Amino acid sequence: MKDVAKEAGVGLGTVSRVINKNGPVKESTRLKVERAIETLKYKPNEVARNFKMQQSRSVALIVPTIWHPFFSKFAYHVEQVLSNNGYKMILCNSQSDVMKEINYISMLEKNKIDGLIAITYSHDLDQYITSHLPIVSIDRHFTEDVVYVTSDNEKGGQIAADELIKRGCRKIAFLGSVSDIKNESMRRRQGFEAEAKQSSISYHVLELEEPVEDISESVRTFFHEHPDVDGVFAMNDKWARIIISTLQNERKRVPEDVQVIGYDGITASKEEELTFSTIKQPVHLMAEKAAEAIISMINDQPTDEKVILPVEFHNGTSTK
């Protein structure tokens, strides 16, 4: 910058104002500075500029694992929105390592990153989260008021129960697991039960404490105890796949004997088709809203504290 100032015959402050576009400069002076920049092939040091401005122009995204299709697709769309707005994305593939996640929060506190989008299920993280930090949480609630983005899990549960009933199921069930960490996915069971009661239909619930060591064995035991269940809402697509496989191994036909609906609606690739029935989350929209919210927070602009996005039923091969 000193070389540019000397070449243009102006002060260092004038060069700074031209580069950062943050102050009055006469048109003739601006042109002289721009010519000097072009002559010297000067390129601003973005790292130094951002450090001075106390912004890194980067946002961290914490996911439990990048191998899961939901998290990888979510990360893809977050990165697109951030990039379009001049931000870089730093990906933390935490593998539920709470120390990794705490380290990113520390980076945020020290202005090494500008914001944090977190999909996390670590138990010990809550104490490090404060509402004054620019953080967006996906699904999970924290003790402090933190902006969170989620799909309409309760409505998803209602839709699943309604679709099973409409397709002739007489006895339905919710199968899944529950964590002691409060999150929006717990509302799936609530919506399911509310719709079953509203329709006056018999239902059962199998909800196991996480972590579940053998889902298939638990499902097998459940159907031995409740052989007349003919419709199942699984807490997510992982459970749905295991339930369908277990039923088939037990000589039960899907959907002729038992109809199954999952929750997520994510495929492993663009080419793969979604086969079984499920409640589809708008993953791309969740990612976009999360990225937009964190950018607003970084720039001290207002944003909704709670963003709940609609879901829809995908009619696949596991329902009639």
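Below you will find a few notes about this structure.

A few points about helix 11 (residues 283-298)
Consideration 1: Taking 1.5 Å per residue as the helical rise, helix 11 with its 16 residues ought to reach 22 Å, and the 23 Å between its terminal C-alpha atoms agrees with that figure.
Consideration 2: Residues of helix 11 that are buried include every one of V283, M286, A287, A290, A291, A293, I294, I295, S296, M297 and I298, and no others.
Consideration 3: The elements touched by buried residues of helix 11 are strand 1 (58-63), helix 5 (69-84), strand 3 (115-118), strand 4 (135-138), strand 5 (147-151) and strand 11 (306-309).
Consideration 4: Of the residues trailing helix 11, D300 is marked for its positive phi of about 55 degrees.

Observations regarding the sheet that holds strand 9 (residues 259-264)
Backbone-to-backbone hydrogen bonds pair the strands of a sheet. The strands run either parallel or antiparallel.
Consideration 1: As summarised here, the arrangement of the six strands in space is 7-6-8-9-10-12, forming an open sheet in which the pairing is mixed. With partners counted over all chains shown, the strands left at the sheet margins are strand 7 (202-209) and strand 12 (312-314), one partner each. Averaged over all pairs of adjacent strands, the angle between their axes in this sheet comes to 25 degrees, without regard to strand direction.
Consideration 2: One ladder, built from four bridges, connects strand 6 (residues 171-178) with strand 8 (residues 231-234); its direction is parallel. Across the sheet, the residue bridging to A173 is V232, located in strand 8.

Things to note about the pattern of salt bridges
Consideration 1: This structure, assessed with the given rule, holds 12 salt bridges.
Consideration 2: Of the charged contacts, one joins E27 and R30 as a salt bridge, the two residues approaching to 2.3 Å between their closest N and O atoms. Placement of both E27 and R30 in helix 3 (residues 27-40) is noted, with a separation of three residues, approximately one turn of the helix.
Consideration 3: A relative accessible area of 25% means that R30 is categorised as partly exposed.
Consideration 4: Each member of the salt-bridge network shares a partner with another, and the members are D162, E163, K166 and R167.

The rules behind each value
- Residues numbered from 1 in each chain as written.
- Predicted model: local features only at pLDDT ≥ 70, side-chain atom pairs only at ≥ 80, totals over all residues.
- Heavy atoms only, no water.
- Helix = DSSP H or I, 4+ residues; strand = E, 2+ residues; numbered from the N terminus.
- Expected span 1.5 Å × (residues − 1).
- Buried < 20%, exposed > 50% of the residue type's maximum accessible area, 1.4 Å probe, protein only.
- Contact = heavy atoms within 4.5 Å.
- Pairing = 2+ DSSP bridges.
- Axes fitted to C-alpha atoms, helices over the stretch in contact; angles between N-to-C directions.
- Salt bridge = Lys/Arg side-chain N within 4 Å of Asp/Glu carboxyl O.

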